[in-house]
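# Understanding the architecture of this molecule
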Amino acid sequence: MKGLKIKKLSKAMNGLKIVEQVTANFLPGRITALIGPNGAGKTTLFHLITSELKVDKGEIVYGDETITNLPPYLVARKGVGRLFQDIRVFGNMTAFENVATACYGPCFETPWFPFFNLKRMKSINNDIRERAFHWLNFVDLAEKKDHPAASLSYGQQKLLAIARLLAGGFSLLLLDEPTAGLNPVMIKNVLRLLEKIITEDRSKTVILVEHNMGVVNEVADWVYFMNEGRIAFFGRTDHVLGDKEVREIYLGL
Amino acid sequence: MILLSQLLLNALVNAAIFSLLAVGFGLIYRSMRFFYIAYGAVYVIASYAVVAAMQISGFPLYLSIGAGVFLGVLAGVLMDRTVYLPLERSGATPGVLLIASLGLYILAVNAVALIFGNEVKILSRGIEPSFSLGPLVITRMQVIQFLVGWILVTGFWLIIRKNTLMKGIWAMGETPNLVTALGLPCGLMRLLVFALSSVFAGVASLVTALDVGIDPHVGMHALLIGAVAVIVGGVDVYWGWIGGASLLALLQGMAVWQFSSRWNDLITFGILIITLLFRPQGLFSPRKRREER
């Protein structure tokens, strides 16, 4: 059971403190929401966890390993997967190939591995195919498997990105606004999916950045409220959403 | 009729060399989306390495060829590690990479010219033995060019066709950040792409240089052939690159037939401009939906 611990994390860019002294604990088997106004540093925090940005100060520990400032692909290999805010799919590749890409990791131990281990590659490729189909089915995109990803609708691309994340077998899921831009039915699907993920595999840790309070209320067990780069408030979902300060700063109530 | 057939035969040989150039350029362009001008430098360095090995160190031919390809690969990989990769890590735009690449090209060509002089270096002396196919004539070197080119290009396709690694590499061209977020090592993949690309540039350079010699300034010509073939054929289709290269070779052959070989560059750019105007995704790419562009 791996959890994510963030200790006194700070990041400044161009003299501006974007994330400051953030300490947080994300437990496995639980969906933790990260909420706050635009520019509060939520997405930056994700960038720091995945090493897309370098950490200035502080420490990030996943399980019992420190992953601060590791190269991004190694962070991913430790099990940290991310769904981007602007959905990113490989537009020229088919839906199937998009999902399969997430399973390639083990083939890349050396650059020549796939060229010289033809026998093992065969079984690895079969395994990849099975996994990719399984997760495409999981998000109901099986019939779109041969369509180029760019030809799918916005919501379908989002589901595709989620399928890719799940196929990658990541144990820590950083979801940046998974429901933004989706229609209500799609949102329900995504929420059901999230609950399914967490109930089927209690070792997974899910962190959710979300502006839709209905979504937060429905799936999140725990909430961190960020404001101006700091964790301003945290606790059980109903507790945080009921707080006077949170309601004033963020919800405008 | 005989002249036309002879020109077609020559075009087929040229198409093999052009295809090598296109695959080398296309590998980089498709997986990194930047215009790799220093490709021309790799082309020049490979052949001059052979010149140095043969004429200065007195290596036998086959050893020199190995040394040439090896040094070409080394040059390509070093350029990436010392210039492009650091630039990209610091967030350089494709424009900056293009200028840096142009700088590297000029640097390399001038260094080669300083050391070896500007004149054409001949690698093989004497008259090439030739074979006749009915009324048509083909030299031994042309046979070698034809075989080496087509075997490499086809063989490489057979290897990468279903290769997982190459799929990761093509994905890298679309969204590099995403590829690392999925746990694929971009650095390693770049290394491989630059090495492979340099092999193709080096081999194309050597089979040409062994035929007609080499001077320091042919790199730009090689780069343009490779780049135009890839863009005309379609960046995301391997056989499109080969198709583009073959089309260029064929049209250049026709130009020789109707006008003179001095028209070749005009043909190259003419076809580039016409393609960009009427089919910007390339002749052999599937048409895209409007919202995908």
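All values derive from a computational prediction rather than experimental measurement.

Moving on, we get to the overall build of chain A. When you go through chain A residue by residue, the secondary structure sums to ten helices and ten strands. Computed over the C-alpha atoms, the radius of gyration of chain A is 19 Å, within 12% of the 18 Å expected from 2.2 N^0.38 for a compact globule of 253 residues. If one aligns the C-alpha atoms of chain A with their principal axes, the spans along those axes are about 60 × 40 × 35 Å. In chain A, which comprises 253 residues, the share counted as buried stands at 54%. For chain A, the share of sequence-separated contacts (at least 6 apart) that also reach a separation of at least 24 residues comes to 67%. When the accessible surface of chain A is summed, it comes to about 11,400 Å², and 51% of that surface belongs to carbon and sulfur atoms. Counting 32 positive and 27 negative side-chain charges, chain A places the centres of these two groups 4 Å from one another.

Looking now at the domain arrangement of chain A. How big an interface is tends to be reported as the loss of accessible area on association of its parts. Residue and element names in this part refer to chain A. The assigned domain composition of chain A is domain 1 (1-79 + 172-178 + 205-253) and domain 2 (86-169). Counting from both sides, the interface comprises six residues of domain 1 and, opposite them, six residues of domain 2. Of the roughly 460 Å² buried between domain 1 and domain 2 on both sides combined, carbon and sulfur atoms contribute 56%. It is Arg77, Leu173 and Pro178 that lose the most area in domain 1 upon contact with domain 2, and together they represent 66% of the buried surface on that side. There are one residue pair in polar contact (both at pLDDT 80 or more) connecting domain 1 and domain 2. In the side of domain 1 that touches domain 2, the residues fall into three nonpolar, no polar and three charged.

Here helix H8 (residues 186-212) of chain B contains 27 residues, and its C-alpha end-to-end distance of 38 Å stays within 8% of the 39 Å for a straight helix at 1.5 Å per residue. Most of H8 of chain B sits inside the fold, with 22 of its 27 residues counted as buried.

Quick look at the nonpolar core now. Core analysis: the biggest nonpolar cluster contains 138 residues, and Leu160 of chain A together with Val23, Leu27, Tyr36, Tyr84, Phe156 and Ile169 of chain B have the highest contact counts within it. Element by element, the count of residues in this core is highest for H8 of chain B, at 15 residues. When residues are assigned to domains, this core turns out to be shared by domain 1 (1-79 + 172-178 + 205-253) and domain 2 (86-169) of chain A, each giving three or more. If we ignore the near neighbours within four places in the chain, the residues touching Leu27 of chain B are Phe156, Met166, Trp170, Val193, Leu196, Ser197, Phe200 and Trp241 of chain B.

Time to look at the pairing of strand S2 (residues 16-26) of chain A. Residue and element names in this part refer to chain A. Direction of pairing for strand S1 (residues 4-13) relative to S2: antiparallel, over a ladder of seven bridges. Bridge pairing in S2 places Lys5 opposite Asn25. Remark: two residues form the turn of the hairpin made by S1 and S2, two consecutive strands paired antiparallel; Asn14 in that turn has positive phi of roughly 50 degrees.

Let us now look at helix H11 (residues 264-278) of chain B. All names here are of chain B. Taking 1.5 Å of rise per residue, the 15 residues of H11 would be expected to cover 21 Å, and the 21 Å separating its terminal C-alpha atoms lies within 8% of that figure. Within H11, burial applies to Asn264, Ile267, Thr268, Ile271, Leu272 and Thr275. When H11 is viewed along its axis, its buried side chains cluster within an angular range of 130 degrees and face the same direction. Residues of H11 that are exposed and point more than 90 degrees away from the buried face comprise Leu266, Ile274 and Leu277. Along its buried surface, H11 packs onto helix H9 (218-233) and helix H10 (238-258).

Between chain A and chain B, the residue contacts involve 32 residues of the former and 26 residues of the latter. Scanning the region where chain A abuts chain B turns up zero salt bridges. The interface formed by chain A and chain B holds four residue pairs in polar contact (both at pLDDT 80 or more) in total. Of all the secondary-structure elements, those providing two or more residues to the side of chain A that touches chain B are helix H2 (72-77), helix H3 (95-101), helix H4 (113-116) and helix H5 (118-138) of chain A.

Enumeration according to the criterion identifies two cavities of 30 Å³ or more in this entry. Computed from the structure, the largest cavity encloses a volume of approximately 70 Å³. In this structure, the largest cavity is lined by Arg82, Leu83, Phe84, Ile87, Arg88, Ala161, Arg164, Leu165 and Phe170 of chain A together with Leu178, Ala181 and Leu182 of chain B. Looking at the lining of the largest cavity, the elements with two or more residues in it are strand S6 (80-83) and helix H6 (154-167) of chain A together with helix H7 (176-181) of chain B. If one sorts the elements of the lining of the largest cavity by residue count, H6 of chain A sits on top with three residues. Taken together, the residues that form the lining of the largest cavity break down as nine nonpolar, no polar and three charged. In this structure, the second largest cavity spans a volume of roughly 50 Å³. If you trace the second largest cavity, you find it lined by Ile162, Leu165, Leu166, Leu173, Leu175, Pro178, Val190, Leu193, Leu194 and Ile197 of chain A.

For the rest of this paragraph, the subject is the packing of aromatic side chains. Enumeration over the complete set of coordinates arrives at 23 aromatic pairs over all chains. Ring centres of Phe25 of chain B and Phe35 of chain B lie 5.2 Å apart, and the angle between their planes is 65 degrees; on these two criteria the pair is classed as edge-to-face. Here Phe25 of chain B, found in helix H1 (residues 2-32), pairs with Phe35 of chain B, found in the loop between H1 and helix H2 (39-56); they are ten residues apart in sequence, far enough to count as distant. Judged by centre distance (4.9 Å) and plane angle (45 degrees), the rings of Tyr48 of chain B and Phe116 of chain B are tilted. In this pair, Tyr48 of chain B sits in helix H2 while Phe116 of chain B sits in helix H4 (residues 94-116), placing the two residues 68 residues apart along the sequence. Every member of this aromatic cluster is reached through a ring pair, and the members are Phe25, Tyr29, Phe34, Phe35, Tyr36, Tyr39, Tyr84 and Phe194 of chain B. Above the face of the Phe84 of chain A ring, Arg88 of chain A is positioned so that its terminal group lies 3.9 Å from the ring centre. Above the face of the Trp170 of chain B ring, Arg30 of chain B is positioned so that its terminal group lies 4.0 Å from the ring centre.

Here the focus is the sheet that holds S2 of chain A. All names here are of chain A. Overall, antiparallel pairing links the four strands, which are arranged S2-S1-S4-S5 in an open sheet. The open sheet has two edge strands with one neighbour each: S2 and strand S5 (65-66). Contacts from helix H1 (residues 42-49) reach S1, S2 and strand S4 (57-62), with the element oriented near 110 degrees to S1.

What follows deals with the pattern of salt bridges. Residue and element names in this part refer to chain A. Applying the stated criterion across every chain, the model contains 19 salt bridges over all chains. With its nearest N and O atoms 3.8 Å apart, the salt bridge here joins Asp56 to Lys11. Of the two residues, Asp56 sits in the loop between H1 and S4 while Lys11 sits in strand S1, which places them 45 residues apart along the sequence. With a relative accessible area of 45%, Asp56 lands in the partly exposed category. Measuring nitrogen to oxygen at the nearest pair gives 3.2 Å for the salt bridge that ties Glu20 to Arg230. Of this pair, Glu20 sits in strand S2 while Arg230 sits in strand S10 (residues 230-236); the two residues are 210 residues apart in sequence, bridging distant segments of the chain. On the accessibility criterion, Glu20 (19% relative accessible area) is buried.

The rules behind each value
Residues numbered from 1 in each chain as written. Chains lettered and ligands numbered in written order. Predicted model: local features only at pLDDT ≥ 70, side-chain atom pairs only at ≥ 80, totals over all residues. Heavy atoms only, no water. Helix = DSSP H or I, 4+ residues; strand = E, 2+ residues; numbered from the N terminus. Rg over C-alpha atoms; globule rule 2.2 N^0.38 Å. Buried < 20%, exposed > 50% of the residue type's maximum accessible area, 1.4 Å probe, protein only. Contact = heavy atoms within 4.5 Å. Areas by Shrake-Rupley, 256 points an atom, 1.4 Å probe, with all protein chains shown as cover. Lys, Arg positive; Asp, Glu negative; His and termini not counted. Charge placed at Lys NZ, Arg CZ, Asp CG, Glu CD. Domains from an automatic or database assignment. Buried area = accessible area lost by both parts, 1.4 Å probe. Polar contact = N/O pair within 3.5 Å; in protein donor to acceptor, adjacent residues only side chain to side chain. Nonpolar A, V, L, I, M, F, W, Y, C, P; charged D, E, K, R; others polar. Expected span 1.5 Å × (residues − 1). Core = buried A, V, L, I, M, F, W, Y, C linked by side-chain atoms within 4.5 Å. Pairing = 2+ DSSP bridges. Arc of directions from axis to C-beta. Salt bridge = Lys/Arg side-chain N within 4 Å of Asp/Glu carboxyl O. 1 Å grid on protein atoms, 1.4 Å probe; cavity = no way out; pocket = protein on both sides within 12 Å on 5 of 7 lines; lining within 4 Å. Points joined across faces, edges and corners; volume = space filled by probe spheres on them. Phe/Tyr/Trp six-rings, centres within 6.5 Å; stacked < 30°, edge-to-face > 60°. Lys NZ or Arg CZ within 6 Å of the ring centre and 35° of its normal. Axes fitted to C-alpha atoms, helices over the stretch in contact; angles between N-to-C directions.

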